Each structure stands twice: as structure tokens, then as C-alpha cells.
Amino acid sequence: MREPFERAVDRHGATVLRVCRAVLGPGADADDAWSETFLAALTAWPTLDDETNVEAWLVRVAQRKAIDVVRGRARRAVPTDHLPDGPTRQRLPGDDDADLWDAVGQLPERQRLAVAYHYLGHLTHAETAELIGGTPAAVRRAAADGIKKLRTRYSQEGAIR
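How each quantity is defined
Residues numbered from 1 in each chain as written. Predicted model: local features only at pLDDT ≥ 70, side-chain atom pairs only at ≥ 80, totals over all residues. Heavy atoms only, no water. Helix = DSSP H or I, 4+ residues; strand = E, 2+ residues; numbered from the N terminus. Expected span 1.5 Å × (residues − 1). Buried < 20%, exposed > 50% of the residue type's maximum accessible area, 1.4 Å probe, protein only. Core = buried A, V, L, I, M, F, W, Y, C linked by side-chain atoms within 4.5 Å. Arc of directions from axis to C-beta. Salt bridge = Lys/Arg side-chain N within 4 Å of Asp/Glu carboxyl O. Axes fitted to C-alpha atoms, helices over the stretch in contact; angles between N-to-C directions. Left-handed = near helix turned anticlockwise from the far one by under 90°. Contact = heavy atoms within 4.5 Å. Nonpolar A, V, L, I, M, F, W, Y, C, P; charged D, E, K, R; others polar. Patch = residues over 30% accessible without salt bridge, like charges linked within 9 Å, V, L, I, M, F, W, Y side chains within 5 Å. Areas by Shrake-Rupley, 256 points an atom, 1.4 Å probe, with all protein chains shown as cover.

Let us look at helix H5 (residues 109–120). Across its 12 residues, H5 extends 15 Å between first and last C-alpha, which sits within 8% of the 16 Å expected from 1.5 Å per residue. All of the buried residues along H5 are Gln 111, Leu 113, Ala 114, Val 115 and His 118.

Next up, the structure:
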């Protein structure tokens, strides 16, 4: 029979916190990952197999929660007191590309979605297939057909050579 959840927190909480701090460093992020680990564990606790190595399982959950925090850091803006002096050299998407976006919009739906998610969103064909349905091979074919149509259109119009 599995021990009560509270006892598991008491027995393994320090180990989980050490794992979180090893990945994230000391501070609020590690504490948050520790809390998220035990919230997730509490949810899964009733369905956990009695023979499960609880400490190893909690460490795995903590590792995944810490990775989520690391990935979240990469997506957050970094505050700064110093703003750049001049305007950016990067163009805003779509500034001079209205005809390109029209051409993409005229593609058949599956080709448009495959091109958008794979080439513009940088998702793999498998990830794109999960979003739009079908197999990775079908998505690869739709994306290739969409790119071929765009190249044909631009080579005929002389926009891209």
C-alpha cells in the first residue's frame, strides 16, 4: 500500500528541492518548480502504481518542471534600462511583402497550413501533422507542393529568380 501523500512530501521534498535548485539555481524559480512538482504529483497520486519508486518518480517530475521553467525563461522579455538609440534594422513582417502574403493566402488550406507551420513556424513535419491532421509524409508533400506553387508564381512574375 502506498504511503499518504503528505508523508511522501516530507520524505522526498528535500531531494526534489535539490534537483530543482541544481537545474535552476537557488531562488524563486526553483521554489516554484518544487511547488509545481508536488501539485502535479498530488493530481497523479491516486493513479500511481503501488510498486512505483516514489522518489525517482518525483525527481523525474521535478526535472520536467525545471525544464518548463528554463524554456519559459527563453520566451520572456529581458528588462533593460537602456533602450537602443536608433530604429531597428529588422523589418516588421509584412512591411513589403503584401503580395507574398496574398500568394500564401491563395494556397489550398492544407498547403497554406503546412507552409505556415513548417517554414514560418519552424515546426517539424510531425508536429505540423499533429496540428492539422494527417501523417508527417502528407504534411511534407503539402508543404513541398505549396512552396513549388509559390516559386512558380514568383518566377513567372519575375519577383524571385
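Quick look at the nonpolar core now. Membership of the largest hydrophobic core comes to 19 residues, with the highest contact counts inside it found for Val 16, Cys 20, Leu 24, Trp 45, Val 54, Trp 57 and Leu 58. At the level of secondary structure, the elements contributing two or more residues to this core comprise helix H1 (5–24), helix H2 (28–44) and helix H3 (54–75). Here this core gets 7 residues from one element, more than from any other, and that element is H3.

Turning our attention to unusual backbone geometry. Note: most peptide bonds trans; most residues except glycine with negative phi. Positive phi, normally seen in glycine, also occurs at His 122, with a value near 60°. Tracing the backbone through its elements, the reader meets His 122 in the loop between H5 and helix H6 (125–132).

We now examine H2. Between the first and last C-alpha of H2 there are 24 Å, a value that for 17 residues agrees with the 24 Å anticipated at 1.5 Å per step. Of the positions making up H2, those classed as buried are Ala 30, Ala 33, Thr 37, Phe 38 and Ala 41. Viewed end-on, H2 has its buried residues packed into an arc of 130°, placing them on one side of the element. Exposed side of H2, more than 90 degrees from the buried face: Ala 28, Leu 39 and Thr 43 are the residues found there.

Counted under the stated rule, the structure contains 4 salt bridges. Of the charged contacts in the structure, one is a salt bridge between Arg 11 and Glu 3, with a shortest N-O distance of 3.1 Å. Owing to a relative accessible area of 54%, Arg 11 belongs among the exposed residues under this scheme. A relative accessible area of 16% places Glu 3 in the buried class.

The relative placement of two packed helices comes down to the angle between their axes together with the axis-to-axis distance. Two elements in contact, H1 and H3, have axes whose closest approach is 9 Å; the angle formed by their N-to-C orientations is 35°. Like other packed secondary-structure pairs, H1 and H3 cross with a definite hand, here right-handed. Taking contact as the criterion, the partners of Ala 8, His 12, Thr 15, Val 16, Val 19, Cys 20, Val 23 and Leu 24 in H1 are, on H3, Val 54, Glu 55, Leu 58, Val 59, Ala 62, Gln 63, Ala 66, Val 69, Val 70 and Arg 73. Here the contact of H1 with H3 is composed, by residue class, of 13 nonpolar, 3 polar and 2 charged.

Let us look at the environment of Ala 142. Mapped onto the elements of the fold, Ala 142 is located in helix H7 (residues 136–157). Along the chain, Ala 142 and Arg 110 lie 32 residues apart, while their C-alpha atoms are 6.4 Å from each other. Non-local contacts of Ala 142, meaning those with residues more than four positions away in its chain, are made with Arg 110, Gln 111 and Ala 114.

A contiguous nonpolar patch, built from Trp 101, Tyr 119 and Leu 120 and spanning about 300 Å² of accessible area, is present on the exposed surface. We classify Trp 101 as partly exposed; its relative accessible area is 37%.

Once that is clear, we can look at the side chain of His 12. Following the sequence through the fold, His 12 ends up in helix H1. By relative accessible area, His 12 is classed as buried at 6%.

Geometric values such as these leave the question of function open.
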